[in-house]
Amino acid sequence: MKIKANLISGRTADQGAHLEAKTHKGYFDACAYCELNSADLERLGASEGDSLKVTTEFGEVVVFAKANEGNPEGLAFIPMGPWANAVLSPDTHGCGMPGFKGVPAEIEVTDEKPLEMKALMRKYLED
Amino acid sequence: MPVIKDAVCSLCGSLCDDITVTVEDNKITKIENACILGQSKFVGMFKHDRIETPMIRKDGELVPVPYEEAIEAAAKILVNSRRTLSYGWCSTSCEAVSGAIQLAEETGSVIDSTANVCHGPTALAAQEKGAPSATLGEIKNRADVIIFWGCNPVHAHPRHMVRYSSFSKGLFTEKGRKGRKMIVVDVRKTDTAKLADSYIEIEQGSDLLLVTALRSIVNGHEDVIPETIAGVPKAEVLELAETLKNAKFVCIFFGMGVTQSRSKYKNGDAMSSLISDLNQHTKAVMIGMRGHYNVTGFGQVATWETGFPMAIDFSKGYPYYNPGETGANDLLVRGEPDAAIIAAADPGAHFPQKAIRHLAKIPVIQIDPYANPTTEIADVVIPSAIVGIEAEGTAYRMDAISLRMKKLIESKFKTDEEIVKDLTAKVRELKRGA
Ligand code: SF4
């Protein structure tokens, strides 16, 4: 089962607390997840902690599932960081700012596990 | 055991200047008043992954080298590059920013700040329409209606509400939270929204619609408003406009929800127009919730020195500014830079994949106290002292008030300011040799 979602990214306190500790596992835990409301998670057949694959026209990334009832249906949130940026829009529409909010995404359950920070970054060197 | 009072927290744009720090054996052992982000900054420096020594990438691996060798390698990259991107400089002092601008001029580089992925559109909007503002002190003392629009201070600026806004008590706002109306406009019910008197949930990307509707109502044209706008029922929009008009002092704090969504800088532009409309009825101001503690300072210093707040291209021999063209992301996505120097910022973590892919292909010089995703693609890495803890310097709060950050402990690391001076001197030496 795949669902379509509107993807946004943003700050969280845990992400902020790891701004200067990005090599630590705490940063991975603070950023490598996608929040959906529980109705969306149910439609996906996913529980918190399951792996989700998030795909946009710009790439795909595997992150953990997290529930957040504050999200309206169809709104997906990934904390700002390398995992969110793997799938957000590089287009700045001529004003310098990339599209960090409002990127159409497809989300599905996967058996793959999220890559830790260094492995994720290594992919850019190999490309 | 020295106890240092009124230290400035160099993490977020709130720049809290009431931190008490206890130092024992040149180590910070106790922090009072800081939030979880600030705590992590002050205490974390002994636990987090410091870059201990300069490094150069050899056969794919970063290997330690003496400091002079790293400076020489970095200077060579800069001298040999035809289009260098200098990026970041926002978690450091204004003095370092000034040096970085000089280095950019010397090397004909483009220099841009983290505003490129943050409040860059706000700076653009301010240039186009202005940004009626006030100090956080004014807001603490006077604002009776506070809007948080597309921002979530509970997470991003945890002490903001207590020190300067909704929960703070001031001269004319002695009732604190009880005497103020707090409104949150956002696309999801954030932890900040949960504390508000009213929460207005808008459809993501439709901020411009809502601001324009509010302007119409404030200007006496509520008849043009449809039954729902931006996903919000008309009645709610009318009520919001009434609250704004009848306030004594309105402050709209706005964040990435406004700058990063569709319409980008036009949102800030419209917001500024709304503020000016409101000033026909009452007193109203706007303040961007700035992220890095001195991103505002970069804008200030760059504006004094070049006339522009960010995205400044020195390749023509004079400062040229056009963020959609000279912004860091646009340059990288177009594959233009052939080298990059990155300091006090982390595009590896915060730029979209296409920009990072280009960074990974070109020589990257990193100056930072900590290893981070940018280190993974850097070719020369130069460790630096942490400003506000190991080095003093000036920073600007989100309301453009400058504060002097203290040095709290000794450090073996050079400051960003010293590193940039050394680099500039080496670049000049190499150029003379050429
Ligand atoms: S709110 Fe910002 S400046 Fe104040 S203590 Fe927290 S991180 Fe530091």
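Given the structure is predicted, the values throughout are model-derived calculations rather than measurements.

Describing the overall build of chain B
No. 1: Of regular secondary structure, chain B possesses 17 helices and 21 strands.
No. 2: Computed over its C-alpha atoms, the radius of gyration of chain B comes to 23 Å, within 12% of the 22 Å expected for a compact globule of 434 residues.
No. 3: Counting only residues that meet the buried cut, chain B has 64% of its 434 residues in that class.
No. 4: A separation of at least 24 residues holds for 66% of the contacts in chain B among residues at least 6 apart in sequence.

Observations regarding the interface of chain A and chain B
By convention, interface size is frequently given as the accessible area that disappears when the constituent parts associate.
No. 1: Across the boundary between the two partners, chain A contributes 51 residues, which contact 50 residues of chain B.
No. 2: Of the roughly 4200 Å² buried between chain A and chain B, counting both surfaces, carbon and sulfur atoms make up 61%.
No. 3: Ranking the residues of chain A by area buried against chain B places E20, M97 and Y124 of chain A at the top, with a combined share of 17%.
No. 4: Scanning the region where chain A abuts chain B turns up four salt bridges.
No. 5: The shortest N-O distance in the salt bridge between D346 of chain B and K22 of chain A comes to 2.7 Å.
No. 6: Taken together, the connections running from chain A to chain B amount to 20 residue pairs in polar contact (both at pLDDT 80 or more).

Observations regarding the packing of aromatic side chains
No. 1: Taken as a whole and assessed by the stated rule, the structure comprises seven aromatic pairs over all chains.
No. 2: A centroid spacing of 5.9 Å and a plane angle of 85° characterise the contact between F28 of chain A and F64 of chain A, whose relative ring orientation is edge-to-face. On the criterion of sequence distance, the pair formed by F28 of chain A in helix α2 (residues 25–31) and F64 of chain A in strand β4 (residues 59–67) is long-range, its members being 36 residues apart.
No. 3: The interplanar angle of 15° and the centroid separation of 5.5 Å between the aromatic rings of F148 of chain B and F253 of chain B together place this pair among those described as stacked. Here F253 of chain B lies in strand β13 (residues 249–254) and F148 of chain B lies in strand β8 (residues 145–149), a separation of 105 residues in the sequence. The exposure classification of F148 of chain B matches that of F253 of chain B, with both residues buried.
No. 4: Clustering of aromatic rings is evident, with ring pairs tying together Y27, F28, F64 and W83 of chain A.

Concerning the UniProt feature "domain: Molybdopterin dinucleotide-binding" (unreviewed entry) in chain A
No. 1: Those residues carrying the UniProt feature "domain: Molybdopterin dinucleotide-binding" (unreviewed entry) are residues 7–104 of chain A in this numbering.
No. 2: Counting secondary structure, residues 7–104 of chain A comes out at 23% helix and 33% strand; the distance between its end C-alpha atoms is 6 Å.

Some thoughts on the pattern of salt bridges
Pairing is possible between side chains that carry opposite charge, provided their charged atoms lie close to one another.
No. 1: Taken as a whole and judged by the stated rule, the model has 39 salt bridges over all chains.
No. 2: Across the salt bridge formed by E35 of chain A and R188 of chain B, the nearest N and O atoms sit 2.8 Å from each other. With E35 of chain A in strand β2 (residues 33–36) and R188 of chain B in the loop between β9 (181–186) and β10 (198–201), the pair connects residues from two separate chains.
No. 3: What makes R188 of chain B buried here is its relative accessible area of 9%.
No. 4: Linking E410 of chain B and K407 of chain B is a salt bridge whose minimum nitrogen-to-oxygen distance equals 3.3 Å.
No. 5: What makes E410 of chain B exposed here is its relative accessible area of 53%.
No. 6: Through salt bridges with shared partners, a single network forms among D17, D18, R159 and R163 of chain B.

Some remarks on the environment of I377 of chain B
No. 1: Tracing the chain through its elements places I377 of chain B in the loop between β18 (364–368) and β19 (380–383).
No. 2: Relative accessible area serves as the criterion here: at 1%, I377 of chain B is assigned to the buried category.
No. 3: Once the C-alpha coordinates of I377 of chain B and A360 of chain B are considered, the two residues, 17 residues apart in sequence, prove to be 5.3 Å apart.
No. 4: I377 of chain B has contacts with M121 and L125 of chain A together with R57, I356, L359, A360 and V364 of chain B, leaving out every residue within four places of it along the chain.

Section: unusual backbone geometry
No. 1: A positive phi angle is found at H93 of chain A, which is not glycine, with a value near 50°.
No. 2: For H93 of chain A, the position within the fold is in the loop between α4 (82–85) and β6 (101–109).
No. 3: Backbone geometry at N26 of chain B places phi at a positive 60°, although glycine is not the residue there.
No. 4: Mapping N26 of chain B onto the fold places it in the loop between β2 (19–24) and β3 (27–32).

Analysis parameters
- Residues numbered from 1 in each chain as written.
- Chains lettered and ligands numbered in written order.
- Predicted model: local features only at pLDDT ≥ 70, side-chain atom pairs only at ≥ 80, totals over all residues.
- Heavy atoms only, no water.
- Helix = DSSP H or I, 4+ residues; strand = E, 2+ residues; numbered from the N terminus.
- Rg over C-alpha atoms; globule rule 2.2 N^0.38 Å.
- Buried < 20%, exposed > 50% of the residue type's maximum accessible area, 1.4 Å probe, protein only.
- Contact = heavy atoms within 4.5 Å.
- Buried area = accessible area lost by both parts, 1.4 Å probe.
- Salt bridge = Lys/Arg side-chain N within 4 Å of Asp/Glu carboxyl O.
- Polar contact = N/O pair within 3.5 Å; in protein donor to acceptor, adjacent residues only side chain to side chain.
- Phe/Tyr/Trp six-rings, centres within 6.5 Å; stacked < 30°, edge-to-face > 60°.
- UniProt positions renumbered as here; feature names shortened; annotations may be inferred.

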